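# Notes for the structure review
What follows is each chain in one-letter form.
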Amino acid sequence: MNIVSKSMAKIDGMDLATGKPAYVDDLCPKEALCVKILRSPHAFAKIVTIDIEDASKVAGVACVLTHADVPGIRHTIALESYPESSPYDRLILENLVRCVGDPVAIVAAEDERTAAMALQLIKVEYEALEPVLDFEQAEGNLQIIHPESDIVTNFNIGLDARRNVASSRLEEIGDIERVLNECEVVVEHTYYTQAQAHSMLETHRAFTFLDRGRLVIVTSTQSPFHVQRLVAQSLGLPANRLRVIKPRIGGGFGGKNKALVEVFPALVTLKTGKPAKIIYSRQECFNSTTSRHAMRGRVVLGADRSGDVRAIDLQVLTDTGAYGEDSADVLVVASHNVLPIYGGPKSVRYRGTAVYTNKMPGGAFRGFGAPQSVFALESAMNELAAELKMDPTQLRLKNTIKLGQAHPFLGGSQEGKPAVVNSSTLDQCIERGKALICWDQKYPRREVEGNRVRGVGMAIAMHGTGIARVDTAAATIQLNYDGGYKLLVGASDLGTGADTILAQMAAEVLATSLENIIVYSADTDLTPYDSGAYASSTTYVTGNAVVKAARLLREEIVRGCAAIHGKSVDDLELDGQFLRTVDGAWEIPLPELAKQLVSATGKQQPAATATFGGDGSPPPYVAGFAEVEVDLETGKLDLLNFVDVIDCGTVINPNLARIQAEGGIAQGIGQTLFEDMRFDDRGEMLTDSFMKYKIPCRKDVGQILVEFLPSLEPTGPFGAKSIGEVVVHTTAPAIADALFNATGVRIRRLPITPEKVFKGLQQKWG
Amino acid sequence: MRITLWINDRQQELEVTCDEFLAETLRNNGYLSVRQGCSTTSCGLCTVWMDDKPVLSCSVLSVMANGKRITTIEGVQDEARAVAGFLVGEGAEQCGFCIPGLVMTVLAMKKDLRQPTAEQIVHYLNGNLCRCSGYMGQLRGIKKYLGVE
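The model shown is predicted, which means the values in this text are computed figures rather than measured ones.

## Topic: helix α12 (residues 426-437) of chain A
Residues and elements named next belong to chain A. Spanning 12 residues, α12 covers 17 Å between terminal C-alpha atoms, matching the ideal 16 Å at 1.5 Å per step. The secondary structure elements touched by the buried residues of α12 are α11 (392-399), α13 (439-442), β21 (452-462), β29 (621-631) and β30 (637-647). Two residues or fewer past α12, C438 is found with a positive phi of approximately 60°.

## What to know about the sheet that holds strand β1 (residues 2-7) of chain B
All names here are of chain B. Read from one edge to the other, the open sheet built from five strands follows the order β2-β1-β5-β3-β4, with strand pairing classed as mixed. Taken across any chain shown, the strands that pair with only one partner, and hence form the sheet edges, are β2 (10-15) and β4 (53-56). On average, each strand axis in the sheet is inclined to that of its neighbour by 40°, with strand direction left out of account. Relative to strand β5 (residues 69-71), β1 runs parallel, the two sharing two bridges. Residue pairing across strands places W6 opposite R69, the latter belonging to β5.

## Comments concerning the domain arrangement of chain A
Accessible area lost when the parts come together is the quantity often used to give the size of an interface. Residue and element names in this part refer to chain A. As far as domains go, chain A holds domain 1 (31-129 + 201-251 + 256-287), domain 2 (291-466 + 616-765) and domain 3 (472-613). Relative to domain 3, the C-alpha centre of domain 2 lies at a distance of 39 Å. Across the boundary between the two partners, domain 2 contributes 19 residues, which contact 17 residues of domain 3. Both faces considered, domain 2 and domain 3 share a buried interface measuring about 1300 Å² in area, 64% of it formed by carbon and sulfur atoms. Broken down residue by residue, the surface that domain 2 buries against domain 3 is led by I652, P717 and F718, which jointly contribute 38%. For the interface between domain 2 and domain 3, the tally reads zero salt bridges. Grouping the constituent residues of the side of domain 2 that touches domain 3 by class yields six nonpolar, 11 polar and two charged.

## Quick word on the side chain of T105(B)
All names here are of chain B. Within the fold, T105 resides in helix α3 (residues 99-112). Judged by relative accessible area, which is 6%, T105 ranks as buried. A distance of 3.2 Å separates a polar atom in the side chain of T105 from a polar atom in the side chain of N128. Ignoring any residue separated from it by four or fewer positions in sequence, one finds T105 in contact with T47, Y124, L125 and N128.

Rules and cut-offs
Residues numbered from 1 in each chain as written. Chains lettered and ligands numbered in written order. Predicted model: local features only at pLDDT ≥ 70, side-chain atom pairs only at ≥ 80, totals over all residues. Heavy atoms only, no water. Helix = DSSP H or I, 4+ residues; strand = E, 2+ residues; numbered from the N terminus. Expected span 1.5 Å × (residues − 1). Contact = heavy atoms within 4.5 Å. Pairing = 2+ DSSP bridges. Axes fitted to C-alpha atoms, helices over the stretch in contact; angles between N-to-C directions. Domains from an automatic or database assignment. Buried area = accessible area lost by both parts, 1.4 Å probe. Salt bridge = Lys/Arg side-chain N within 4 Å of Asp/Glu carboxyl O. Nonpolar A, V, L, I, M, F, W, Y, C, P; charged D, E, K, R; others polar. Buried < 20%, exposed > 50% of the residue type's maximum accessible area, 1.4 Å probe, protein only. Polar contact = N/O pair within 3.5 Å; in protein donor to acceptor, adjacent residues only side chain to side chain.

Here it is, written out as structure tokens:
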């Protein structure tokens, strides 16, 4: 391969890195009205009255909208393929607020200061209700967070709003109680993972304007087509009255897979006819969007003395907050992208419940339930290894799912037809990671000078690659008159380099250079449908569509050439710059042929569109290893080294894949060691700035070493699987076990702060 | 009120309010590389130079910058391209939103530190947050740019 598997620079990299205007706010017309939101100060309250008179009179205020002025259609803002699994449990504005930060009124003004001033003049009388803040007390609580009778679900997701249950599911293979009873060793523990803030550096933002009577939305989103559909639905408009344009995105991580902001400027534009923009402050980005679902995971593992795991029982409870965005799918991923990493157990049971509370909603965040589940499962595996006095790497190697093995929880499984692992180098990843971290020399602990000890720990993980039989993508490629190509995709490049790797795939099939391909994404008026940049899908789902389209286009070009020049289709070959007869006796340069094809000679511009949707969701695998140093006097933990060895199938662009891994690990380090969204006893978020909510800085990441051991996935484009999400999974359990191996202290509740380590040391050693 | 700034060596008379910060003034006047990520002086996105020293423009009142020389990445494109090339060479620019601020800090570091060690680089740039890259690729690129091990 000439282009695939090469570390090509991102096609828009230099523009972005030198500060060229490319993001939503850079493109917004200067005269756009500034939109601001009045938000609830209460975690749970009825709105008795809203008085907007004074606010409306402020010079420069264009409009003030309350729940009386906007459509009252229950909808979801979760950007999922139709039919969405998320319950339709939101109104744009409602007279019942369910969390601090819930929107109460929309103000649009000539400038930000005027809008801010008008916000302060809106008088709202609330009847405060007792909020439900502890997610372990939510189910069956007398306080019902969604008392409304008009919640819609598209299919059974186990919603029971009367009991504050947004979603629930049960899956069981074999008879778990019986198998556990027969096991020689049983370990049972409960683990907690906290809510985490996406903290993308570009906050949520969008602007809107009217063009020939249609509403145009320019937004920083991961899924423009879902925005178009869901915003139209919430406004009661046909989707084709909306056009959604996604320019460059300043980070998403799942946080921009919500139609959080678009509807507000849209309403203002529809009301006033004027362009309008909304830019969330960092504080709003923290306290009025979504977060990773906080989760409690209870694990029971049964094994025999030799380390064969016979039973896995995982029960999770997630805090979906005020609304049920992604609550059902997160419960699926927390099982299906986690449990099938072990192939041996006779019985596996999974029970998941997502409960409503009066806090900011949970939602999609890189990993989507899996990192929380992985922390529970892999920590329990490490505790089992300790119980068995067995090296945790050996326990893993004994139990991992092997190539060709089936598991009914794997993505794409159907009743009676479990999906099969068609590509895996997981066991080699474990062996290679051991070598890279020098496991045999370092496990379990080493004393260093003073009061410091070092320990190593590890964990393994899998994920999916797109959502089988749900998500789809189309790609269109055209041959231009000049012999170059135009690739149109509806996929969202979030900065990851999706546009680049898709162009690499097209260039490889068309035997041309990367420079010869113009990529455009994404605009619902111009680019073909794509479900969006989530669920680790773009490389695989959109990539397969691009490969298919490029192959069709090759055939189209050959057919066009044959027709014009009286050749046989079978006798012609496209080698990139020339079309030649197989014997080499005749050739024509592609640019010349292209001109003939589009002109009166050919009257046929070659173009091809292809759509792909996966029947499976082939898992990528990772083995993660941590080395930590712990100060026994203070409990301070320093991460020295983190090693990830990854099987993401064929690596389409090694540099970009490596950065995905390093960035994912850094986010995992943040979640493991300090990131923690905290609320006070009235439900107000305490951690609503980077002063109070720390994300990793350069000094926090230690040394990260990433290596790839590619398998070849038969269904993947050039053999590729996904990379984006699997790389956040192993940090927490690996670091937690490194701490245990260093000190004997086991932390089962993230984040692992020095305080917790210090207390653990005191309890352990006095 | 009216202030005079020399932005990228061009004298500009600007009308600002007394509570306006430099980041806002620069953006309002078309310097779109200047971005805000936090409003608590935590992220480094809005880094520009004031009289050749890096400052967080979100925390400098525009009136305090009156009469000063301000440099944004638009004004040092050649130097910026040199740094950017190494970041892009590693794929470490990712979403790019934080990169102009980082590049301005790297260029300032190059003037401040001779042959810095990796530890000194990390320390100098610690105030420039990035949520995408995990920092390792940026360090690889910056070391190559500076020609240090």
